[in-house]
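Okay, here's what each chain looks like letter by letter:
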Amino acid sequence: MFMGEGGPEHQALMDYQAAALNWGAKIELKSYVHDKIVVEELKSGACDMANMPSLQARNFNKFTGTLDAPAAMPTYEHLRTVMQTLAKPSAAKYMRNGDYEVIGIQPAGAVFIFTNDNSIKSISDLAGKRMAVLDTMPEMRQLVVDLGMTPVSSTLTNIFQKFNNNAIDITGGPAIVYKMMELDKGLRPNGGILENPVMQGNMQFVARWSKLPDGFAQKSREFFVKNFDQTLKTVREAEEDIPKDLWIPLEGQGREEYHTQTRQIRLAFREQNVYDAKMLTLLRKIRCNKEPTLAECTDPNAE
C-alpha cells in the first residue's frame, strides 16, 4: 500500500479490506512512502498485492500502465467510462500478464500544470521554462524536452519546494497538493494553473493472481468502479478549493495546439513501445464517442 496511514487513501483501503473478507481473502495493510519499494516488495514475494501509481503498474501490465498517457482522458467522465469498460468480465484477459493481474484501478485526481507565469495561452508558451521532473519518471523528462522546456531533476520530497523557491518555473500535480504544499507561495503574484489536465492520475492494485481466491479479481475491479464517486470526492473538493482566479483556460488556437502536441507524444511513446497501442485505441474511441467533432476522430492515422 502506497501513502501513509490515516490519510483518505488509508481509509478507503480499510473499506476494501472489509469487502475482501466477503470475497474470501484476509488482507493485512502495510504502508509505504516510496512507490519503487512497493514494486520491489511485490516482485520479491514479500507481499502478494500492492497499490501503486499507474507509472509503476506499467512494470506489470503495459495495457493498464498506459492510462496516464498525456491528455488521453480530458475529464473524469472519460475516466469513469474507461474504468467501467475495464471492469467488464470481457476485459479480464487484458488485466492479467504473466504472474500478475490488475485487480483494481482507483482515480487519484487529474494532474495539472502549475506555472509562475499566467500569461501562458498555449503549450508553446511553455518553451524555455524550467520544469521539475521526477528521477523515477523517464517519460516525463521526454515529455518536458518534447515541449521545449528544460527538465530539472527533482524528487517527491523537494519538487514543490523548488517551485515555491523559484528554482523552477513549472511543476505538475493534482489539486490536492495546492494546499498541502502551500503552492500559493510559488503561484502568487503572477502564476496560475492550466485548466486542461495533462493526465489522469490513477492508482492500480496489482496482485499475484495465483494467490487470490476464485472470482476475487473480478469482484475487486467492480468494487473500485462502484466506489468511483466516493474516491473522487476528496479530489473534487480540492479542485473547488483553489481560488477561481488561478485557473488559466486554454482556448481556441491554444486548445488545438494542446491536442496536437499531446497526441504527438502519445504516438511517439507508442512507437517506442512505452505505451500499449490497444489501450491508446480504446482511449481514442472513448474521446470520440463523447466528442465526435475532434479532428482525431476522422484522422486516417488515428490512435
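First things first, this report covers the structure right here in the doc. (Residues numbered from 1 in each chain as written. Predicted model: local features only at pLDDT ≥ 70, side-chain atom pairs only at ≥ 80, totals over all residues. Heavy atoms only, no water.)

## Considering the nonpolar core
Most often, soluble globular proteins keep nonpolar side chains buried together rather than apart.
Here's step 1: Grouped together as the largest cluster of nonpolar side chains are 91 residues, with contacts concentrated most on Y16, M52, L86, F114 and F216.
Here's step 2: Considering each element in turn, this core owes the most residues, nine residues, to strand β3 (residues 100–115). (Core = buried A, V, L, I, M, F, W, Y, C linked by side-chain atoms within 4.5 Å. Buried < 20%, exposed > 50% of the residue type's maximum accessible area, 1.4 Å probe, protein only. Helix = DSSP H or I, 4+ residues; strand = E, 2+ residues; numbered from the N terminus.)

## So, the state of the cysteines
Here's step 1: Enumeration according to the criterion identifies one disulfide in this entry.
Here's step 2: Here C288 connects covalently by a disulfide to C297, the sulfurs 2.1 Å from one another. For the disulfide bridge between C288 and C297, the dihedral angle about the S-S bond is near -95°, and by the sign convention the bridge is left-handed.
Here's step 3: Take C288: its relative accessible area is 13%, and that puts it in the buried class. (Disulfide = S-S within 2.5 Å.)

## What about a nonpolar patch on the surface?
Here's step 1: Taken together, the side chains of I176, M180 and M181 make up a nonpolar region of the molecular surface, amounting to roughly 260 Å² of accessible area.
Here's step 2: Tracing the chain through its elements places I176 in helix α8 (residues 176–180).
Here's step 3: Looking at I176, the relative accessible area reads 32%, which means it is partly exposed. (Patch = residues over 30% accessible without salt bridge, like charges linked within 9 Å, V, L, I, M, F, W, Y side chains within 5 Å. Areas by Shrake-Rupley, 256 points an atom, 1.4 Å probe, with all protein chains shown as cover. Salt bridge = Lys/Arg side-chain N within 4 Å of Asp/Glu carboxyl O.)

## Some points on the pairing of strand β8 (residues 199–208)
Here's step 1: In terms of residue burial, β8 counts as a mostly covered element, since 10 of its 10 residues are buried.
Here's step 2: Pairing between strand β1 (residues 49–53) and β8: five bridges, direction antiparallel. In the strand pairing of β8, A50 is matched with V206. (Pairing = 2+ DSSP bridges.)

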